[in-house]
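# A structural walkthrough
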Amino acid sequence: MKYTQLGRTGLKVSRLVLGTMNFGPQTDEADSHAIMDAALDAGINFFDTANVYGWGENKGRTESIIGNWFAQGGERRDKVVLATKVYGNMAADGDAWPNHDKLSAVNIRRAVDASLQRLRTDYIDVYQFHHIDRNTPFEEIWQAIDVLVQQGKILYVGSSNFPGYKIAQANEAAARRGGTIGLVSEQCLYNLAERRAEMEVIPAAQEYGLGVIPWSPLHGGLLGGVIKKEVQGGRRASGRAADTLADPTARAQIQSYEDLLDKHGLEPGEAALAWLLTRPGVTGPIVGPRTAEQLASALRAVELELSQELLTGLDEIFPGPGPSPEAFAW
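For the structure given in this document, a descriptive report is provided here. Going along each chain's sequence as written, the residues are numbered from 1 onward. Local features are withheld for residues below a pLDDT of 70 in this predicted model, meaning they are given only at 70 or higher, and side-chain atom pairs are given and counted only at 80 or more; totals for whole chains, interfaces and linings count all residues. For side-chain calculations, the full set of non-hydrogen atoms in the structure is used, while hydrogens and water are omitted.

### Here we look at the layout of surface pockets
Method remark: on a 1 Å grid restricted to protein atoms, a set of points is classed as a cavity if a 1.4 Å probe fits but cannot get out and as a pocket if it is open with protein on both sides within 12 Å along at least five of seven lines; lining residues have an atom within 4 Å of a point. Grid points are joined across faces, edges and corners, and a volume is the space filled by probe spheres set on the points. In this model, the largest pocket occupies a volume close to 1500 Å³. Lining the largest pocket are 50 residues, with L218, G220, G221, G288 and R290 sitting closest to its centre. Secondary structure follows DSSP: runs of H or I at least 4 residues long count as helices, runs of E at least 2 residues long count as strands, and numbering of each begins at the N terminus. Elements supplying a minimum of two residues to the lining of the largest pocket: α8 (226-231), α9 (239-245), α11 (268-277), β10 (286-287) and α12 (292-301). The greatest single-element share of the lining of the largest pocket, amounting to six residues, is contributed by α12. Ten residues, namely Ala, Val, Leu, Ile, Met, Phe, Trp, Tyr, Cys and Pro, are considered nonpolar, four, namely Asp, Glu, Lys and Arg, are considered charged, and the remaining ones, Gly among them, are considered polar. Along the lines of polarity and charge, the residues of the lining of the largest pocket split into 17 nonpolar, 22 polar and 11 charged.

Here it is, written out as structure tokens:
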């Protein structure tokens, strides 16, 4: 496994991040524990989750599965850089009581304590804001975070799904307070098929020293060889991937992508992850395996070296938006 610093911090993390969203809803606890063991054995030390994972009446279930894994000992907790998130409504029926969601100081305090209990740990390495809160000023948010850092409950803070201007606002507010490190990472939607983050989000993250952690690196399976799998009688596309393939133009684009990688003798999913690892500012993509086999495939991506010819071909199929403001100004 290869490692890098998380943004401007001294924290060293693996170039792949283990995403746990499937733990509970799609992968049972025993298999989830086996995947985490395999990830740790492979050198992945950065695990990502969220308080809402488990979804519906099972919100919090994923954190509990991780907590039960930590409780098995073997230095599991000590070896893991643990990231979780706050913002979502934790009510099973979706009807949150006032102040039981978003980023008010009172909810941040409540949510941290609940996550710590489920995770069976006394600290969170990277506590992430899952979404912007348009109604809570950053001064209030940072005051709440400062208290939690002083209490030793969290060490670093990251954002997720923030636009570039909010990254700037957050860290400027932190700088005004003094003594607050501010955001150190941004978790955003970013992959070959979805490159809009290159206009504003990634430049802002680089300017303020945030590590970029792309989620959905295969764009809901679309970049994982979905057409090839259909032809071979494997798992058919669903969700976002199926909707995209229903468009003939988009399907032709994905076919061109798969044909290019077939020419180079590469698996699409592994190449899509390897491409992200070449991108400026990227710490590591989040991989969310449902099985040990999917984890093994993701691990191979770290060792892939993509030729300039291939990188050029990928840019031709999936052109980026270009830098801001030129991308939209002229």
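The structure having been displayed, the exposition proceeds.
### Details of the nonpolar core
Put simply, a nonpolar core is a bunch of buried Ala, Val, Leu, Ile, Met, Phe, Trp, Tyr and Cys residues held in one set by side-chain atoms that sit within 4.5 Å of each other. Buried residues are those whose accessible area, probed at 1.4 Å on protein chains only, stays under 20% of the maximum for their type, while exposed residues exceed 50% and partly exposed ones sit between those limits. One finds I108, Y127, F129, W142, I145 and Y257 to be the most contacted residues of the largest nonpolar core, which totals 57 residues. Ranked by residue count, the leading element in this core is helix α5 (residues 138-150), at six residues. Beyond its immediate chain neighbours, meaning those up to four positions away, F129 contacts V86, L103, I108, I141, W142, I145, V157, G158, S159, S160, F162 and L183. Of all hydrophobic cores here, the second largest spans 23 residues; its members include I65, V80, L119 and V287. Here, two residues are considered to be in contact whenever any of their heavy atoms come within 4.5 Å of each other.

### Quick word on helix α10 (residues 248-263)
The end-to-end C-alpha distance of α10, which contains 16 residues, comes to 22 Å, matching closely the 22 Å that a straight helix rising 1.5 Å per residue would cover. Those residues of α10 that sit buried are A250, I254, Y257, E258, L260 and L261. Projected onto a plane normal to the axis of α10, the buried residues spread over an arc of 160° and lie on a single side. With respect to the buried face of α10, the exposed residues turned more than 90 degrees away are P248, T249, D262 and K263. Packing partners of the buried residues in α10 comprise α8, α9, α11 and α13 (308-317). Just past α10, the residue G265 takes up positive phi, approximately 70°. Expected span of a helix: the number of residues minus one, times 1.5 Å. The directions considered for the arc are those from the helix axis to the C-beta atoms.

### Here we look at the pairing of strand β8 (residues 183-189)
In terms of burial, β8 is largely enclosed, as six of its seven residues are buried. DSSP calls a pair of strands paired once it identifies at least 2 bridges connecting them. Of the pairings in the sheet, the one linking strand β7 (residues 154-160) to β8 comprises three bridges and is parallel in character. By the bridge assignment for β8, S160 is matched with Q187. Of the pairings in the sheet, the one linking β8 to strand β9 (residues 211-215) comprises five bridges and is parallel in character. What sits directly across from E186, in β9, is V212. A right-handed crossover is one whose linking path, passing over the helix from the first strand to the second, runs clockwise when the strands point away from the viewer. This β-α-β element, β8 to helix α7 (residues 201-207) to β9, shows right-handed connectivity.

### Some details on helix α2 (residues 61-70)
Here α2 lies mainly inside the structure; seven of its 10 residues are buried. Regarding α2, the residues found buried are T62, E63, I65, I66, G67, W69 and F70. On the buried face of α2, the contacting elements are α1 (29-41), β4 (46-48), α3 (76-79), β5 (81-86) and α4 (105-119).

### What to know about empty space enclosed by the protein
Applying the stated criterion across every chain yields a total of one cavity of 30 Å³ or more. The space that makes up the largest cavity amounts to roughly 40 Å³. Forming the walls of the largest cavity are L103, I132, D133, T136, F138, I141, F162 and K166. Across the lining of the largest cavity, the residue classes break down as five nonpolar, one polar and two charged.

### So, the sheet that holds β5
Taking strand neighbours across the sheet as the criterion, the eight strands line up as β9-β8-β7-β6-β5-β4-β3-β10 in an open arrangement whose pairing is parallel. Two strands close off the open sheet at either side, each with one partner strand: β9 and β10. Bridging between β5 and strand β6 (residues 124-129) involves four bridges; their strand directions are parallel. The residue of β6 that forms the bridge with T84 is Y127.

Just geometry here; none of it tells us what the structure is for.
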